[in-house]
Structures are given as C-alpha cells and as structure tokens.
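# Descriptive structure summary
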Amino acid sequence: MRVTILQPSYLPWLGFFEQMSRSDKFVLLDDVQYTRRDWRNRNRIRVDEGWIWLTVPVLQKNKFAQNLLETRIDNSVPWRKKHLYTLRQYYCKTPFFEKYFSRCEKLYEKNWEFLLDLCLETIIFLREELGIKTSLLRSSEMKTYGEKTERILSICQQQGATHYLSGESARDYILEEDFSRQNIELEYQKYEHPIYPQRYTGFVSQLSAIDLLFNCGEQSLNILRQVEPIRCS
C-alpha cells in the first residue's frame, strides 16, 4: 500500500500526477496554512515567448496565519474570463485543444468562492483526463495529529501504508528513522521531466499538466511516467 501526501495546487504540474499515478492512495493535505507566492493559487502555461503564470487572486485576512480551507477567491477581479481567454489564445492550435477545452469552459463557468474547491476541481479534471485511477483523500476529513513527520506518519498509519512516496524536498524535515520504527518504507520521488512536443519552438518544462494534455492527448499518462522524448503525431 503506497501512500502519497501533497498539498493541493491550482492546475498542478506533471510531477504531482506522476506521484499520484504511482500511489494506491493520494492524500491532499488541505488543512494547512495558506502559503503566499506558492503553487496553491497559480501555475504556469506555455506561450510563444516562453511561459506565463495563471494566478487566482485571493483575499487574505491575515497573511501570516490563514488556513487553506478558509482562503477565499477575490472575485472582484475577472480572473475566470482572463484564464479561459489565455488558454484559448495559446492552445487553440494544439492537436487536442477541442478534446479538452469544453471541460475547461465548464470549470470556469462556475462562480468559485473558496480556493481549495477550485484546486480540487482542477485536480479531479486533470486526473480523470490523464486516466489515473488512484484514490483521492483529504486530510481535513481525517483525525490526524502532530506536525511534519508525526502528522505524515499518522495519516500513513490510518491508511494502512506499507510505503510512503515523498517529494524530494521533504528530505529537509522528514525523520527517516520514525518511518523505520513504524515499518513503513520511505521512498523519494526522483522525477526527471519528460520532453514532449509543444505548440511553440523549443521546450519549456515545469508547466501545468494541462499543457501536456492539449499537446499529447491520450498519450499524456505514458509520457509523464517516462523520460524519453515521444512523438505525439
């Protein structure tokens, strides 16, 4: 039983879904502090001159102690219209634009109030279109305790984990001996970004997975799982 635990993001990148695809259970750590200038409310897409941010504006009551669960979107800014227009502008000539754009339109038709709900919807959208079957769970719906390693372990134990698949950056704070004591094998993702055809000249990595879908369609899951260049047409 391999478990992964990650914070939810808006239109996450390929590595997020690569971890998900390798796991039996994927837990969204959704009851943590909202972090500014992070991936919670933004991600990157490809444009002709490189990449740009798609950023969801949020209302911040207290920039030092605001929970992700209570973070509201600032709908006084016409961000939905802008994001949809931007996706259409830069991806309308990609091979699989028509296959996925109608679902994007439905997503942006909704009047989202909370950032987390929007993030969850984009994660579900990309997960389904990529063809990933891993179970999605939310930490806010569990009885967890502790901080950092202790909290991760409490989630793993509840889910019957024999393996925990972690992001590489977690090496800075994870106490590996604690996992050994609980007979849980600790694994780190070492993700080498694949190269795939994009609409514009050159290749830009670390983009939202929506870029992969628009360009490569049904081959996307196989591509994000490997590292060799693949032709999509």
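Everything below is about the structure printed above this text.
Throughout what follows, the structure given in this document is the object of discussion. Note that this is a predicted model, so its numbers are computed, not measured.

Now for unusual backbone geometry. Positive phi values are uncommon outside glycine, yet Lys 148 reaches one of about 50°. Mapped onto the fold, Lys 148 is located in helix H5 (residues 148–158). Classification of Lys 148 by relative accessible area gives exposed; the value is 55%. Even without being a glycine, Gln 206 presents a positive backbone phi close to 65°.

Looking now at the pattern of salt bridges. Across all of its chains, the model carries twelve salt bridges by this definition. The residue Glu 18 makes a salt bridge to Arg 22 at a minimum N-O spacing of 3.5 Å. For the salt bridge of Arg 40 with Asp 38, the shortest nitrogen-to-oxygen distance reads 3.3 Å. What makes Asp 38 partly exposed here is its relative accessible area of 22%. Within this structure, Arg 103, Glu 128 and Glu 129 form a network of salt bridges that share partners.

Before going further, it helps to spend a moment on the packing of aromatic side chains. Inspection of every chain in the model, using the stated rule, returns twelve aromatic pairs. An angle of 75° between the planes, with centres 5.7 Å apart, marks the rings of Trp 13 and Tyr 191 as edge-to-face. You can see Trp 13 sitting in the loop between strand S1 (2–6) and helix H1 (14–21) and its partner Tyr 191 sitting in the loop between strand S9 (185–188) and helix H7 (209–216), a full 178 residues away along the chain. Residue Tyr 191 is classed as buried on the basis of its relative accessible area, which comes to 19%. Measuring from centroid to centroid gives 5.2 Å for Phe 16 and Phe 17, while their planes differ by 70°, and the two rings are edge-to-face. Residues Phe 16 and Phe 17 agree in their burial class; the two are buried. Members of the aromatic cluster, each reached through a chain of ring pairs, are Tyr 91, Phe 97, Tyr 100, Phe 101 and Phe 214. Seen from the ring of Trp 53, Arg 42 lies directly overhead, with NZ or CZ sitting 3.8 Å from the centre.

Glancing now at H5. The complete set of buried residues in H5 reads Thr 149, Arg 151, Ile 152, Leu 153, Ser 154, Ile 155 and Cys 156. In the segment just after H5, Gly 160 is the residue with positive phi, at about 70°.

Here is what the cut-offs are and how they apply
- Residues numbered from 1 in each chain as written.
- Predicted model: local features only at pLDDT ≥ 70, side-chain atom pairs only at ≥ 80, totals over all residues.
- Heavy atoms only, no water.
- Helix = DSSP H or I, 4+ residues; strand = E, 2+ residues; numbered from the N terminus.
- Buried < 20%, exposed > 50% of the residue type's maximum accessible area, 1.4 Å probe, protein only.
- Salt bridge = Lys/Arg side-chain N within 4 Å of Asp/Glu carboxyl O.
- Phe/Tyr/Trp six-rings, centres within 6.5 Å; stacked < 30°, edge-to-face > 60°.
- Lys NZ or Arg CZ within 6 Å of the ring centre and 35° of its normal.

All we've got here are geometric facts, nothing functional implied.
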